[in-house]
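Tertiary structure, described
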Amino acid sequence: MQEKIEERHKKIAHIQNTIWEIYKTFLNNHDITEYEHKWAELLKTYQNINDEEFFSFCKCLYVSWEQQARNFAKIFRELERRGRDGEKAK
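All of the points below concern the structure found in this document. (Residues numbered from 1 in each chain as written. Predicted model: local features only at pLDDT ≥ 70, side-chain atom pairs only at ≥ 80, totals over all residues. Heavy atoms only, no water.)

1. Points about the pattern of salt bridges
- A full pass over the atoms with the stated rule returns 7 salt bridges.
- The residue Glu 21 makes a salt bridge to Lys 24 at a minimum N-O spacing of 3.2 Å. Taken as a pair, Glu 21 and Lys 24 lie in helix H1 (residues 2–29) at a separation of 3 residues, close to a single helical turn.
- Overall, the relative accessible area of 43% leaves Glu 21 in the partly exposed class.
- Measuring nitrogen to oxygen at the nearest pair gives 2.7 Å for the salt bridge that ties Arg 70 to Glu 36. With a gap of 34 residues between them, Arg 70 in helix H3 (residues 52–85) and Glu 36 in helix H2 (residues 32–48) connect regions that are remote in the sequence.
- Given a relative accessible area of 38%, Arg 70 falls into the partly exposed group.
- Through salt bridges that share partners, Glu 36, Glu 66 and Arg 70 make up one connected network. (Salt bridge = Lys/Arg side-chain N within 4 Å of Asp/Glu carboxyl O. Helix = DSSP H or I, 4+ residues; strand = E, 2+ residues; numbered from the N terminus. Buried < 20%, exposed > 50% of the residue type's maximum accessible area, 1.4 Å probe, protein only.)

Laid out in structure tokens, this is it:
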């Protein structure tokens with residue numbers, strides 16, 4: 001029984017840690033395309049091993065994070081545009 005608990009914990013930790021790395025990288029490089037690609041890789045990991053429970057877990061987390069990433073991307077684009085145009089940030 002303990003083995004099953006540890007295996008589940010490892011999967012959850014892998015998913016959460018990977019998401020955090022994806023997020024931190026995105027905050028540093030502002031590359032929404034890379035962000036999407038990394039998420040696709042994570043989702044495929046669990047889809048390819050036929051682990052429906054953890055694939056579903058990843059999909060739910062993706063939906064939860066997606067709008068936040070889009071909002072950040074919009075802010076990053078605006079800041080970059082202002083920087084190019086020499087405008088002051090509000």
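Now that the structure has been shown, we can carry on.
2. Things to note about the packing of aromatic side chains
- Enumeration over the complete set of coordinates arrives at 9 aromatic pairs.
- With a centroid separation of 5.8 Å and 25 degrees between ring planes, the pair formed by Phe 72 and Phe 76 is classed as stacked. Taken together, the residues Phe 72 and Phe 76, both in helix H3 and 4 residues apart, mark about one turn of the helix.
- When its relative accessible area of 27% is taken as the criterion, Phe 72 is described as partly exposed. (Phe/Tyr/Trp six-rings, centres within 6.5 Å; stacked < 30°, edge-to-face > 60°.)

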